Amino acid sequence: MQREVPASHRTGHGPQPITEVGPVAALARKAGKLEALDRALRQTLPSPLREQVRFANLRDDRLVFLASSPAWASRLRLQQAQILAAARAIGAHASSVTVKVAPLPPPDPQPEQSKPLSPAAALHLEAAAGSIQDPELRAMFLALASVAETADSTPSATP
């Protein structure tokens, strides 16, 4: 026998998004603040440097950055005064900049280009369709065979 909870004690209607639940909500807020700080601070950097560094954390009045190589780390250290001034201007209280060398995450993978269907593959699909009893499956094989490159066409996307 289950006990029914009075309506006045219910805390909402349906499940809550995970970003609104306890420690996860605090973590999501911190991540959002760090991402905004990353965008704001990197905007003040020269273009080639901006793409090679990432803001990682604000810890004990230190701005922690990650650089993709020791050379980029050195260039970022030369910008320390400018970075600290920008941080103070946006309300981040920092007195030093720490730069660590770490490879940047790989860029988002591009969707793989599909290879065109060859005329030989189309012939095999048509032959297979001829031996299939199911009319729907046969139609699918023939539709697939129809998208094959013809001998006089050229591929639409060449690298």
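These remarks concern the structure in this document.

Thresholds applied
Residues numbered from 1 in each chain as written. Predicted model: local features only at pLDDT ≥ 70, side-chain atom pairs only at ≥ 80, totals over all residues. Heavy atoms only, no water. Helix = DSSP H or I, 4+ residues; strand = E, 2+ residues; numbered from the N terminus. Buried < 20%, exposed > 50% of the residue type's maximum accessible area, 1.4 Å probe, protein only. Contact = heavy atoms within 4.5 Å. Core = buried A, V, L, I, M, F, W, Y, C linked by side-chain atoms within 4.5 Å. Phe/Tyr/Trp six-rings, centres within 6.5 Å; stacked < 30°, edge-to-face > 60°. Lys NZ or Arg CZ within 6 Å of the ring centre and 35° of its normal. Pairing = 2+ DSSP bridges. Axes fitted to C-alpha atoms, helices over the stretch in contact; angles between N-to-C directions. Expected span 1.5 Å × (residues − 1).

**Some words on the overall build of the protein chain**
Next, step 1: Counting secondary structure elements, the protein chain contains 6 helices and 3 strands.
Next, step 2: The order of helices and strands in the protein chain, counted from the N terminus, is α-α-β-β-α-α-β-α-α.
Next, step 3: Out of the 159 residues in the protein chain, the part that is buried amounts to 21%.
Next, step 4: Long-range contacts, defined as pairs at least 24 residues apart, comprise 51% of the intrachain contacts of the protein chain with a sequence gap of at least 6.

**Some remarks on the nonpolar core**
Next, step 1: L41, L63, F65, L76, I83 and V97 are the most contacted members of the largest nonpolar core, which totals 20 residues.
Next, step 2: Contributing elements (two or more residues each) for this core: α1 (22-43), β1 (53-59), β2 (62-67), α3 (70-78), α4 (80-89) and β3 (96-101).
Next, step 3: Considering every element that reaches this core, the biggest residue donor is α4, with 4 residues.
Next, step 4: With sequence-adjacent residues up to four places away left out, V97 is seen in contact with L63, F65, Q80, I83 and L84.

**Some details on the packing of aromatic side chains**
Next, step 1: The tally for this structure, following the rule as stated, stands at 1 aromatic pair.
Next, step 2: Between F55 and F65, the ring centres sit 5.4 Å apart and the planes meet at 75°, which makes this aromatic pair edge-to-face. With F55 in strand β1 and F65 in strand β2, this residue pair connects regions lying 10 residues apart in the sequence. In this pair, the class of F55 matches that of F65, namely buried.
Next, step 3: Positioned over the ring face of W72 is R75, at 4.6 Å from the centre of the ring.

**Focus on the side chain of N57**
Next, step 1: As for its placement among the helices and strands, N57 is situated in strand β1.
Next, step 2: For N57, the contacting residues outside a window of four places in its chain are K30, L34, R62, L63 and V64.

**What about the sheet that holds β1?**
Next, step 1: Pairing is mixed in the open sheet, where 3 strands are placed in the order β1-β2-β3. A strand with exactly one partner marks an edge of an open sheet, and here the two such strands are β1 and β3. For this sheet, the mean inter-axis angle between neighbouring strands, taken without regard to orientation, is 25°.
Next, step 2: Bridge count for β2 against β3 is 6 bridges, and the pairing is parallel. Directly across from F65, in β3, lies its bridge partner V99.
Next, step 3: Sheet contacts for α1: β1 and β2; angle to β1, the most-contacted strand, approximately 130°.
Next, step 4: The strands touched by α4 are β2 and β3; relative to β3, the strand with the most contacts, the crossing angle is about 120°.

**Notes on α1**
Next, step 1: End to end, α1 covers 32 Å across 22 residues, agreeing with the expected 32 Å (1.5 Å per residue, within 8%).
Next, step 2: If you check which residues of α1 are buried, you get A25, L37, D38, L41 and R42.
Next, step 3: Elements that come into contact with the buried residues of α1 comprise α2 (47-50), β1, β2 and α4.

**Overview of unusual backbone geometry**
Next, step 1: A positive phi angle, near 50°, is found at D60, a position not held by glycine.
Next, step 2: If you trace the backbone, D60 turns up in the loop between β1 and β2.
Next, step 3: In the Ramachandran plot, D61 falls in the positive-phi region, its phi being about 65° despite a non-glycine side chain.
Next, step 4: In this structure, D61 sits in the loop between β1 and β2.
Next, step 5: With a relative accessible area of 44%, D61 lands in the partly exposed category.

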